[in-house]
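Topology and contacts: notes
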Amino acid sequence: MVKTPIYLDYSATTPVDPRVAEKMIPYLTELFGNPASRSHSFGWAAEKAVEEARGEVAALVNADPKEIVWTSGATESNNLAIKGAAHFYQGKGKHLITVKTEHKAVLDTCRELERQGFEVTYLGVKENGLIDLDEFKAAIRPDTVLASVMFVNNEIGVIQDIPAMGEICRSKGVLFHVDAAQAAGKVDIDLGKLKVDLMSFSAHKIYGPKGIGALYVRRKPRVRLEAQMHGGGHERGMRSGTLPTHQIVGMGEAFRLAREEMHTETERIRMLRDKLHKGVSDIEEVHVNGDMEARIAGNLNVSFNFVEGESLIMAIKDLAVSSGSACTSASLEPSYVLKALGRNDELAHSSIRFTLGRFSTEEEIDYAVKLLHEKIGKLREMSPLWEMYKDGIDLDTVQWAAH
Amino acid sequence: MSYSEKVLDHYENPRNVGSFEKDASGVGTGMVGAPACGDVMKLQIKVNEQGIIEDAKFKTYGCGSAIASSSLVTEWVKGKSLDEAMHLKNTQIAEELALPPVKIHCSILAEDAIKAAVADYKQKHGLGGEEYTACNPPKEH
């Protein structure tokens, strides 16, 4: 018998790997020193741990440890990268490029820069969630200072062509920032090869603790940032604030484990994800959102047409998943990511994101498939849209009376 | 989103799910909401010769609160006259189900569904009911 609820929301966050937690604990108690203390062994021990962890984070993405700046998480990394670069290079121009399907941490940061007088181009995506490279190239202007594109989308798991976009940016002299919160430990990242100038990372998406992240800031060619957090001049002045040693140690260990295990782990997770996909694909009117090839192994985002996402989540409460339907908000707007793919409202409201991870098991997937079959059937029996569809009515021709 | 026990009860054991023959003379059908908004309710009433609603059925596409609101009103309208049914208020539904503010629209939709069903019945029988439209169709969303 599987233990419920079953966690299938690994893109929201992950449990801290027990090996990571174990490594963190001594840094809360005995090894509590401030890494900035230069005058005694407490500080030295903490500093050594911080630098080792910096090395582990750098190693996963083939960067120089000196290029890693600790932050509180990917949201802060995105803020620091985009605002920091925009402010520093505003003499060169005030135009930025990003994408409509980016995380709010990027979109809202861009909105803020717009309020400060910057101009931002929000690129659309193709139906499969991927960016059209020609469109990307065409969006670059003489006054463009930075482009920001996420490596892996948090909702639909699609992998953007970062190598190609990096080449385009470098050839045009535009800084390239990549939000890799959902990518680290899931896709190979080689910053020795990628023409990426700034890259954001998070620990809690890959079995590390919450509250810690990092920003990669390229040294050759050197990228400059205006600090957003002022204080003691930590992290070479780019991000002041006492370093949380235990969190950093946890992030380092999580990245080390990812480097050692990601290839075997990815294959196992892909097998489970494919099993889940196959298991639900015999249900009528099931649509996968986003490209199935250029996609991380652990993500399956599907719309169960004619069933509203939030009620489905209620029906499958043994599964911890998330929905692209935002019926809880006053606006009742469905996921902006799915809307950007051109999904109609019904499909966007009917979407469920399943994300699998390190501790997902085959039994859990079997249980999930069985439960979905049962509950989709029940909810469709209750759905007037399903009834109309079965009667052969084209829902697009119906004049809806909205409230 | 945490739901009240009453919402959960109606959601897990919905009352009166189903459909009546739309064209039957004693049946009034109300369909409100829009897929764009994430909820569509179809409420049907079966009215006897004395003008009393003797049965009701619903189908709802929407969140748990929308399903619970429609399930609840099918219970409430049974045994009521058309005029009494018209006087059911969304606030009573919201109160009974302890709906949080973000879900009040579900109760409004359920009230609209009753009114639309009664209007449909009256129109069929030349009782002077005008076609009831809850609101304008959605424009750009």
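Here the residue numbers are simple positions, counted from 1 along each chain's written sequence. Here every chain gets a letter starting at A, and every ligand a number starting at 1, in the order they are written. Predicted model: local features are reported for residues with pLDDT of at least 70 only, side-chain atom pairs are reported and counted for 80 or more only, and whole-chain, interface and lining totals are derived from all residues. Heavy atoms from the whole structure form the basis of all side-chain values; hydrogens and water molecules are not counted.

**Notes on the interface of chain B and chain A**
Pairs of residues are marked as contacts when any of their non-hydrogen atoms sit within 4.5 Å. Each partner contributes residues to the interface: chain B has 39 residues there, and chain A has 33 residues. Reported buried area values correspond to the accessible surface (1.4 Å probe) lost by two parts on association, with both partners' losses combined. Buried surface at the junction of chain B and chain A, both sides included, amounts to about 3100 Å², of which 63% is carbon and sulfur. In the sections that follow, a salt bridge refers to a side-chain nitrogen of Lys or Arg positioned within 4 Å of a carboxyl oxygen of Asp or Glu. At the junction of chain B with chain A, the criterion picks out four salt bridges. For the salt bridge of Glu-12 of chain B with Lys-317 of chain A, the shortest nitrogen-to-oxygen distance reads 3.2 Å. Counting of polar contacts relies on pairs of N or O atoms within 3.5 Å, with two restrictions inside protein: one atom must be capable of donating a hydrogen and the other of accepting it, and residues adjacent in sequence are counted only when both atoms are side-chain atoms. Taken together, chain B and chain A are joined by 16 residue pairs in polar contact (both at pLDDT 80 or more). Breaking the side of chain B that touches chain A down by element, the ones donating at least two residues are helix H1 (5-12), strand S1 (27-34), strand S2 (39-47), strand S3 (53-61), helix H2 (64-77) and helix H5 (104-124) of chain B. Secondary structure counts use DSSP, requiring at least four H or I residues in a row for a helix and at least two E residues in a row for a strand, with both numbered from the N terminus.

**Points about the sheet that holds strand S10 (residues 299-304) of chain A**
Residue and element names in this part refer to chain A. Taken together, four strands build an open sheet; the order of strands is S9-S10-S13-S12 and the sheet is antiparallel. The open sheet has two free edges, formed respectively by strand S9 (286-288) and strand S12 (322-323), since each of these has just one partner strand. Only strands joined by at least two bridges in the DSSP assignment are considered to pair. With five bridges joining them, S10 and strand S13 (residues 351-355) adopt antiparallel strand pairing. Among the inter-strand pairings, Asn-301 is bridged to a residue of S13, identified as Arg-353.

**Regarding helix H2 (residues 41-60) of chain A**
Residues and elements named next belong to chain A. Expected helix span is computed as 1.5 Å times (number of residues minus one). With 20 residues, H2 ought to run about 28 Å at 1.5 Å a step, and its terminal C-alpha atoms sit 29 Å apart, in line with that. For the exposure calls, accessible area comes from a 1.4 Å probe over protein chains only, and a residue counts as buried if that area is under 20% of its type's maximum, exposed if over 50%, partly exposed in between. Every buried residue of H2 is listed here: Gly-43, Ala-46, Ala-49, Val-50, Ala-53, Arg-54, Val-57, Ala-58 and Leu-60. Just downstream of H2 lies Asn-62, where phi reads positive at about 55 degrees.

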